[in-house]
Structure formats: C-alpha cells, structure tokens
Amino acid sequence: MNDTRTQPNTFALTTPLYYVNGLPHIGSAYTTIAADAIARFQKLRGRSVLLITGTDEHGQKIQRSAIDAGRSPQERCDEIAGKFQDLWQQLGIQYDRFSRTTAPRHEAIVKEFFGRVWDRGDIYLGQQTGWYCVACEEFKEKRDLLEGGQCPLHPNQTAEWRDERNYFFALSKYQERLEDLYQKQPDFIQPEIRRNEVLSFVKGGLQDFSISRVNLDWGFPVPGDPDHTLYVWFDALLGYVTALLDSTDEPTLENAIARWWPINLHLIGKDILRFHAVYWPAMLMSADLPLPDRVFGHGFLTKNGQKMSKTLGNIVDPVELVEKYGSDAVRYYFLKEIEFGKDGDFNETRFINILNADLANDLGNLLNRTLKMAQKYCGGKVPKVNPEELECEHPLKTIGLCLGERVAAAYESLAFHQACEETLILVRSCNKFLDDRAPWTLYKKGEQQAVEEVLYVVLESVRLAAYLLCAIVPGLSTAIYQQLGFEIDFDDPSTWKDLSFDLHGSWGKLDGDRTFSKPSPVFARLEMPETP
Ligand code: MSP
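Throughout, a residue's number is its position along its own chain's written sequence, starting from 1. Two thresholds apply to this predicted model, a pLDDT of at least 70 for residue-level local features and 80 or more for giving and counting side-chain atom pairs, whereas whole-chain, interface and lining totals are computed over all residues. To get the side-chain values, take all heavy atoms of the structure and skip hydrogens and water.

The name an unreviewed UniProt entry gives the chain is Methionine--tRNA ligase, with Zarconia navalis LEGE 11467 as the organism. UniProt positions are given in the numbering used here, feature names are shortened, and annotations may be inferred rather than shown by experiment. The annotation that UniProt attaches to the chain under Subcellular location (unreviewed entry) is "Cytoplasm". The record in UniProt for the chain states the following under Subunit (unreviewed entry): "Monomer."

So, the domain arrangement of the chain
Annotation comment: domain bounds sourced from an automatic or database domain assignment. Assigned domains of the chain: these are domain 1 (10–298) and domain 2 (348–495). Computed over C-alpha atoms, the centres of domain 1 and domain 2 are 42 Å apart. Residue contacts are defined here by distance: any two heavy atoms, one from each residue, within 4.5 Å place the two residues in contact. At the junction of the two partners, domain 1 supplies 14 residues and domain 2 supplies 12 residues. Defined here as a combined quantity, buried area equals the accessible surface (1.4 Å probe) lost by two parts on assembly, summed across both. Together, the buried faces of domain 1 and domain 2 total about 1100 Å²; carbon and sulfur atoms form 62% of this surface.

Regarding the pairing of strand S14 (residues 265–269)
Think of it in three bands: with a 1.4 Å probe and only protein chains considered, a residue is buried below 20% of the maximum accessible area for its type, exposed above 50%, and partly exposed in between. Strands are runs of DSSP state E lasting at least two residues, helices are runs of H or I lasting at least four, and both sets are numbered from the N terminus onward. Counting buried positions over the 5 residues of S14 gives 5, a clear majority of the element. Burial along S14 is two-sided: the face carrying Leu-265, Leu-267 and Gly-269 and the face carrying His-266 and Ile-268 are both buried. Where strand S1 (residues 10–19) and S14 come together, 2 bridges link them in parallel fashion. Opposite Leu-13, over in S14, you have Leu-265 as the bridge partner. At least two DSSP bridges between two strands are needed for those strands to be called paired. Pairing between S14 and strand S15 (residues 294–298): 5 bridges, direction parallel. The partner of Leu-267 across the bridge, within S15, is Phe-296. Here is how to tell: hold the view so the strands point away, follow the path from the first strand over the helix to the second, and if it runs clockwise the crossover is right-handed. Taken together, S14, helix H9 (residues 273–286) and S15 constitute a β-α-β crossover, and its handedness is right-handed.

Observations concerning the sheet that holds strand S13 (residues 225–230)
Read across the open sheet, the 3 strands follow the order S11-S13-S12; overall the sheet is antiparallel. On the outer flanks of this sheet lie strand S11 (212–213) and strand S12 (221–222), each paired with one strand and no other. Of the strand pairs in this sheet, S12 and S13 are connected by 2 bridges, and their pairing is antiparallel. Along S13, the bridge assignment pairs Val-222 with Asp-225.

So, the site of the ligand
Every one of the 20 residues lining the ligand counts as a neighbour, but Leu-17, Asp-56, Gly-269, Asp-271 and Leu-301 are closest to it. At 2.8 Å, a backbone N or O of Leu-17 approaches a nitrogen atom of the ligand. The term polar contact refers here to a pair of N or O atoms within 3.5 Å; inside protein, the definition further demands a hydrogen-donor-capable atom paired with an acceptor-capable atom, and it admits residues adjacent in sequence only when both atoms are side-chain atoms. Measuring from an oxygen atom of the ligand, one finds a side-chain N or O atom of Asp-271 at 2.4 Å. What sets the accessible areas is the Shrake-Rupley method with a 1.4 Å probe; for residues, cover comes only from the shown protein chains. With the chains in place, 91% of the 670 Å² that the ligand exposes on its own is no longer accessible. Looking at the shell around the ligand, the elements that each hand over two or more residues are S1, helix H7 (232–242) and S14. When the residues that make up the shell around the ligand are grouped by side-chain class, the tally is 12 nonpolar, 6 polar and 2 charged. For this description, a residue counts as near a given molecule or strand if any of its non-hydrogen atoms is within 4 Å of it. Charged means Asp, Glu, Lys or Arg here, nonpolar means Ala, Val, Leu, Ile, Met, Phe, Trp, Tyr, Cys or Pro, and polar covers whatever is left, Gly included.

Details of the packing of aromatic side chains
Ring pairs (aromatic) are described by centroid distance and by the angle formed between their planes. Aromatic contacts are taken between Phe, Tyr and Trp rings whose centres are within 6.5 Å, Trp giving its six-membered ring; a plane angle under 30 degrees counts as stacked, one over 60 as edge-to-face, and the others as tilted. Summed over the entire model, instances satisfying the criterion amount to 34 aromatic pairs. Pairing Phe-275 with Tyr-279 gives two aromatic rings, centres 5.3 Å apart and planes at 80°, and the pair type is edge-to-face. With a gap of 4 residues between them, Phe-275 and Tyr-279 both fall in helix H9, about one helical turn apart. An angle of 85° between the planes, with centres 5.3 Å apart, marks the rings of Tyr-333 and Phe-334 as edge-to-face. By relative accessible area, Phe-334 is classed as buried at 1%. Ring pairs connect the aromatic residues Tyr-30, Phe-296, Tyr-325, Tyr-333, Phe-334, Phe-340, Phe-346, Phe-351 and Phe-416, which therefore count as one cluster. Across the ring face of Phe-201, the terminal group of Arg-274 is positioned such that the distance to the ring centre comes to 3.8 Å. Working rule: Lys NZ or Arg CZ, within 6 Å of ring centre, within 35 degrees of ring normal, means a charge sits over the ring. Across the ring face of Phe-486, the terminal group of Arg-514 is positioned such that the distance to the ring centre comes to 3.7 Å.

Next comes the structure, spelled out in structure tokens:
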C-alpha cells in the first residue's frame, strides 16, 4: 500500500502508551516532555501536528496490580489513566489524543487488523514454552535471565514458566523485508546505537512470537476463539492507529489511516525498541499498511548515578518535582542536561544549579537588568533603533541572524540539549556585551543613541532566545514576551500560526511602539533543600 498521508504538511508523533500498573514515573514524564517539545516546535514550523499519548491497559501485569490494589481492572485503569492526564496537565503537555486500549472502538480496530493478518496466513496455533517476565510482558531466553531466574530489568521478580497452546504471528517470514527496510531507510531507527542493536538482533534470525494467552481474561478475546485473549503488545501497538480516529468516525482501519497515517515519529525508551522496530513494522507489512517514518529510542534515567527502582526506594516522583519546582524547570533540566538518546542522571543539586545558572541568572537576570535600564534611560519604551540599519557585523546581530537555522536543525534531529546550548551562547554573549559596553557609563556621557542601540540589541536577543526556547520552556518564554510588551501566550494553541518559524528573518521582531511591563524576575531562583 502506498503512503496514505494526504497532506504533506502534517506531523504525527507518539509517546508509548503507558502501563497503568502504577502511578506515572519520571521515565514516562521524560518521553512525554520530549514529545511535547517536538510537537510545539513542529507547530512553530507551520505544520499541523497530532501528538498521541495514552495508556496500555490490558495484560497480566495490569490485572495483578488491580487485584493487589483491591480494585477491578477497569476501575484501576480509569484511576491511573486519570493520574497520567493530571500529570500531563501539570507539565503543560499539549496532547491531541489520549488513546486508551480498553476503549470499545479500539477493540473494533484490533479485530479488523487481526482479520487482515489472519487472511494473509500469518497467524497459526502452536505450543509456547518458555520463561515469561510479567513485568516486561515478554518471553525471555534462559541465558538472558539472572542466576536466580529473574529478568535483569526486574530483579525483584522471577520469570514464570509457561507451557501453553497459543496463536503465533509468523514474524520469521518478514526477516528479509525487515532487513531491506533498515537498509533502504537508514533513518528508520535512531539513534545509531539503537539501529545497530536492532540490526544485530534481526541478523541473529527472527522467531515467530505468540500473540495470545490462555488463562487470562483481562484482554480482548481472540476473534473466533474466545478461550484465548490477545497478547497485550499485539493490541497495544494498535492503540496508535485507533488514536487517529476522530471522535465521530466509525472505528475502521480505513477511517483511522485517512489523514495522519503513517506516523512520522514513534518516541520510545530503549527497552521497548524491539517491539517498535521489529515486531510493529512486520505486523504492518502483514496487514499491508504503510510503515512509520522513524522510531527513536531514548536512554534511561538514573538517580544520583543509580538505577531507579522501587526496591532501592530512589524513584523520582514527577508530581513532587513539578509541584516543587514548576513545569518549566523540570522540562528544561531533562531536555538540556541529557543528550537525547543517551542515558542521563537526575541529581537535585545539579538540577538547582543548572536552572539557577541558565534561566535565573544568565537569561532572567539579563532581561531584568536590561529592562530596568530601558525604564531609566529610554522611558520604558523600545529603544529607538531601526534593526535593519544596524550593521550585520554587529556581534549580537551576527549570532542572532544564523541562530534560528542552527536551533531548528538541532530540534529536527531531536538534539534538545544543543538547541539550548546554542541559544545560551547568544544569552551569554549578551551579558558580556552589556558589561563591555557599559550603557550606564554611555548614559552618563550623554551618548543617548549608543545607549539605545546597546539596549535594543540585547532586548531583541532576549526575545529571540525566548522564542527559540518556547518549545521547551513555554511558561518562561511567555513571561519574557509579556515583559517585552507582546500579548503572546505560548500555551495558547491559536498563537502558533502568528509565530511561524522564520529561519532567517527572525531578527528584529522587537518593534517600535511597544511599552515594556514593569520589570520583575521571570524565573525565580531555586533554593537548595535543607539537608536533614
Ligand atoms: N506499555 C508499554 C508501551 C506500549 S507502546 C504501544 C510500556 N509501558 S511503560 O509504562 O512500562 O514504559 C513506558 C516508557 O517509559 C518506555 O518508553 C520506557 O522506556 C520508559 N521508561 C521506563 N523507565 C524509564 C527510566 N528509568 N528512564 C527513562 N525512561 C524509562 O513499556
């Protein structure tokens, strides 16, 4: 089947659909923050964007966690799905679809998809024996388990022996076509290290995998054989498809793929790479549907250098973090501090130091002191300078003129840390420029035009920095814009079309008759918590 995307200027991306066996953790927040930053940046580029997130609600793990919580599985799913939605709101995530895999319309899509794969002859009954990790919802090779039989990702749980009759998906049939895909579309899996992992896994020879379970009722019944329920991953991946339906659409595959399919980007963590980069494209090939453009597997977060785990009691709670420090701080830390794709660490001291250095001092304080000077020396109005007439060699204008392009390239390649670094170069240059040119001395000497020029160039640079960071710290960018006299709210979706990303012409947008607001700190310094 050919590319069904009808509008070239659309961009659809997904986060994983999160398990509802427990409250959202920092790993889920991390992927979702990154996805939101990408979505906002793409809107800035003038694209129509669809950001899909949601919850993965079937399977043994969820069923057991509901029993442990003394609830019915559906009650438990409803409760935890609500917690995810609350957290996304606190973090300023502008998602368009929240896909829940227990939704009846999802069952219709799964049934239809199963039918297509069945008709293709890719599903058969067989005997499944092996070690199953319920926490991963995945069979494991004996050689991959720890000595005591636990899966290394969940060392507090022993893998369980299974010997049952299951339906299988004929993955092995797709070996060659998958290898061909990775070769012809080298960007399909990113970053490079993950691509290599997948290539070597596939090269080792693909085995069919079971897509049904017996003795488990928390799942969709297998069409035509209700003694089996569908394997949670088979139905979960299809949650991305169901999410594309408009609320009034009949739940059919044809309707689901009409506008946004294929997905431009699946954002995931590295532990679920195989499902997205091997199983998923093979399932789509079997159903004769076009493949997504790109799967990006990011790294894992640790705390103070240690793996986060309930047993160690060192889990970072995203709700606590955002309540304590605010959403801009949390978003900025994870996107600036960790190279996207690599593992990264959360350390509270470092968190506070980075935010104070970059946002409170370098950026926030720069704006504050320059605005105070503008009040004093220019009557609180935009200094009288024609940006076009400023020579292009002006040090800050030079940086500003090519910054848009560099930052856009960083966002496109999901190098958020680089987008921040590039922008900070401008901000730091402004601080140095102010100190060197000392407008307070120029003012005393009566050099009014020189004062106006220095202040204009710095304030315009701060505006540009706020613009380039707005996908990451929308609240802070809004505060900066408002102090500069703009009526702009980066959290208001209708704002985007007026702000389209202009790579070359984005310098000099701080225009004539604006009146600045009274200067007040846009990012309050964070205090180090007292050590007990
Ligand atoms: N339900 C599946 C996904 C199905 S998608 C159709 C699932 N859910 S999950 O809730 O367990 O994990 C969701 C995401 O969180 C995964 O991308 C995983 O990589 C990520 N993380 C879990 N722990 C993490 C860290 N400590 N650090 C970073 N991300 C981590 O898997």
